[in-house]
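# Residue-level structure breakdown
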Amino acid sequence: MLNVKTIGVIGAGQMGGGIALVAASNKFNVVLCEKSADQLHKCEADHKKRLGREVEKQRMQQADADAALKRIKYVQAMDLIRDCDFVVEAVVESSQVKRDIFAGLARMMREEVILATNTSSISITEIAAAAEVAHKGAGQRVIGMHFFNPVPVMKLVEVIKGLQTSEATTSGTIELAKLLGKTPVPANDRAGFVSNRVLMPLINEAFYAWMEGVAEPAHIDEIMKLGCNFPMGPLRLADFIGLDTCEHIMNVLADGLNNDRYRACPLLRQLVAAGRLGDKSGRGVFDYTQPAK
Ligand code: 3HC
């Protein structure tokens, strides 16, 4: 039986911020750790705005929104998560950065604490190995807990077992995901897991369709939205995810599955090289710098 009162979240970007908000809204205390003071302030302001919106839409009482915000501690120093009962890491998608963080967590956290990563593409087994080297036995407590953007809206948590992950870690993570109001679904530790193994080649193919002049971007998206009931077309979704992230995941698939059919479309690579990264840079496939018509 899981005994978690306080969740440590590392990284206050879009994903970490969303995870922290969902945890606090579901009555967990949260220690949200982010090394950039600017990002931390931005995240806190976003939480206030989101909770305000929930109250405005009468989905939450003002007192509950205030209480949720109070449950989040915004901190910059990693060692302030030391007493947490569960950790979810959501920093940049860099294997080296994540391995360093998990080595630190393995040394710092109590021995029963589950150490989850929100990675969308990096091998859980590799991250767990770094934890194991730092502290014997820690590898079996490392697991993938892959949330989807926007975290407060999307129901899925893909739960990924590394080679070393124990059954207790898996069942504890599934239990926590349910307590967060999510639907956990298991997957194995192969490149892209299930979600990105299937989603990214679809997005990549939409770039090929554009590059080859099959249709213009807005029409590609309209066809997939109206024809397949997608909430967003694949190119709009690529902008939302970040074109650099899409390219990175395609590289992980191509390398991890050792198959060139997963190589990123040249047009996707070109947009990334030009700094057109999607929503976050103001322009990707589409331009977000102009006021919406
Ligand atoms: N945070 C919290 N809530 C949000 C939000 C955010 N960032 N964005 C939207 N919402 C909520 C709001 O509550 C809003 O309701 P409200 O207006 O009543 O407050 C509700 O979603 C609907 O939003 P909008 O009316 O602004 O817009 P849409 O109806 O078009 O919905 C969407 C937006 C939910 C993002 C929808 O377009 C969608 O589901 N898109 C697909 C998203 C998707 O596929 N995500 C997965 C990406 S892949 C991934 O994350 C994995 C990674 O590894 C790459």
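First, a word on scope: everything that follows refers to the structure included in this document. This is a predicted model, so every value here is computed, not measured.

### A few points about the pattern of salt bridges
- Per the stated rule, a full pass over the model turns up 13 salt bridges.
- The shortest N-O distance in the salt bridge between glutamate 44 and lysine 48 comes to 3.9 Å. Placement of both glutamate 44 and lysine 48 in helix α2 (residues 37-56) is noted, with a separation of four residues, approximately one turn of the helix.
- A relative accessible area of 24% places glutamate 44 in the partly exposed class.
- Relative accessible area serves as the criterion here: at 45%, lysine 48 is assigned to the partly exposed category.
- The salt bridge partner of arginine 236 is aspartate 279, with a shortest N-O separation of 2.9 Å. Within this pair, whereas arginine 236 is found in helix α9 (residues 234-241), its partner aspartate 279 is found in the segment after α11 (266-273), the two being separated by 43 residues in sequence.
- Residue arginine 236 is classed as partly exposed on the basis of its relative accessible area, which comes to 24%.

### Topic: the site of the ligand
- Around the ligand sit 18 residues, and of these Arg53, Ser120, His146, Asn149 and Asn196 come closest.
- The separation between a nitrogen atom of the ligand and a polar side-chain atom of arginine 50 is 3.3 Å.
- In the model, an oxygen atom of the ligand is placed 3.1 Å from a nitrogen or oxygen of the asparagine 196 side chain.
- Every element with two or more residues in the shell around the ligand is listed here: α2, α7 (195-211) and α9.
- There are two domains that each give the shell around the ligand at least three residues, and those are domain 1 (6-188) and domain 2 (197-281).

### Side note on the packing of α7 against α11
- At a minimum axis separation of 8 Å, α7 and α11 run at an interaxial angle of 95°. Taken together, the axes of α7 and α11 are roughly perpendicular relative to one another. Residues Asn204, Phe207, Tyr208, Trp210 and Met211 of α7 form the contact with α11, whose participating residues are Pro266, Leu267, Leu268 and Leu271.
- Of the residues assigned to the contact of α7 with α11, the class counts are eight nonpolar, one polar and no charged.

### Details of the packing of aromatic side chains
- According to the stated counting rule, one finds one aromatic pair in the structure shown.
- When the ring of phenylalanine 207 is compared with that of tryptophan 210, the centres are 6.2 Å apart and the planes differ by 40°; the resulting orientation is tilted. In this pair, phenylalanine 207 and tryptophan 210 are both assigned in helix α7, three residues apart and thus about one turn of the helix distant.
- Judged by relative accessible area, phenylalanine 207 falls into the buried class, the value being 0%.

### Some details on the pairing of strand β2 (residues 29-33)
- Where burial is concerned, most of β2 is hidden: four out of the five residues are buried.
- Two strands pair when backbone bridges link them, and strand β1 (residues 6-10) and β2 are joined in this way by five bridges, in the parallel orientation. What sits directly across from threonine 6, in β2, is asparagine 29.
- Crossover handedness for the path β1 to helix α1 (residues 14-25) to β2: right-handed.
- As defined by bridge partners, β2 adjoins strand β3 (residues 72-75) across four bridges and the pair is classed as parallel. Bridging from a neighbouring strand, leucine 32 pairs with tyrosine 74 of β3.

Analysis parameters
Think of each chain on its own: its residues are numbered from 1, step by step along the sequence as written. Per-residue local features are limited, in this predicted model, to residues with pLDDT of at least 70; the limit for side-chain atom pairs, both in listing and counting, is 80 or more; totals at the level of whole chains, interfaces and linings are taken over all residues. As a convention, hydrogens and water are excluded, and side-chain values are obtained from all of the structure's heavy atoms. The salt bridge criterion pairs a side-chain nitrogen of Lys or Arg with a carboxyl oxygen of Asp or Glu, the two atoms within 4 Å. Here a helix means four or more residues in a row that DSSP labels H or I, a strand means two or more in a row labelled E, and each is numbered from the N terminus. Think of it in three bands: residues with accessible area under 20% of the maximum for their type are buried, residues over 50% are exposed, and the middle band is partly exposed, with areas taken using a 1.4 Å probe on protein chains only. A molecule or strand has a residue near it when one of that residue's heavy atoms lies within 4 Å. Two N or O atoms form a polar contact when they lie within 3.5 Å of each other; inside protein one atom must be a possible hydrogen donor and the other a possible acceptor, and for residues adjacent in sequence the pair counts only when both atoms belong to side chains. Domain limits in this description derive from either an automatic procedure or a database domain assignment. Axes, fitted as lines to C-alpha atoms, cover a helix only where it is in contact. Angles between the N-to-C directions of the axes lie from 0 to 180 degrees. Here the angle decides the label: under 35 degrees means roughly parallel, over 145 means roughly antiparallel, 65 to 115 means roughly perpendicular, and every other value means oblique. For this analysis, residues touch if any pair of their heavy atoms sits within 4.5 Å. Under the grouping applied here, Gly and all other residues not named as nonpolar or charged are polar, the nonpolar ones being Ala, Val, Leu, Ile, Met, Phe, Trp, Tyr, Cys and Pro and the charged ones Asp, Glu, Lys and Arg. Two rings belonging to Phe, Tyr or Trp (six-membered ring only in the last case) form a pair when the distance between their centres is within 6.5 Å. Interplanar angles under 30 degrees mark stacking, angles over 60 mark edge-to-face geometry, and anything in between is tilted. At least two DSSP bridges between two strands are required for those strands to pair. For a crossover, the right-handed case is the one in which the path from the first strand over the helix to the second runs clockwise, viewed with the strands pointing away from the viewer.

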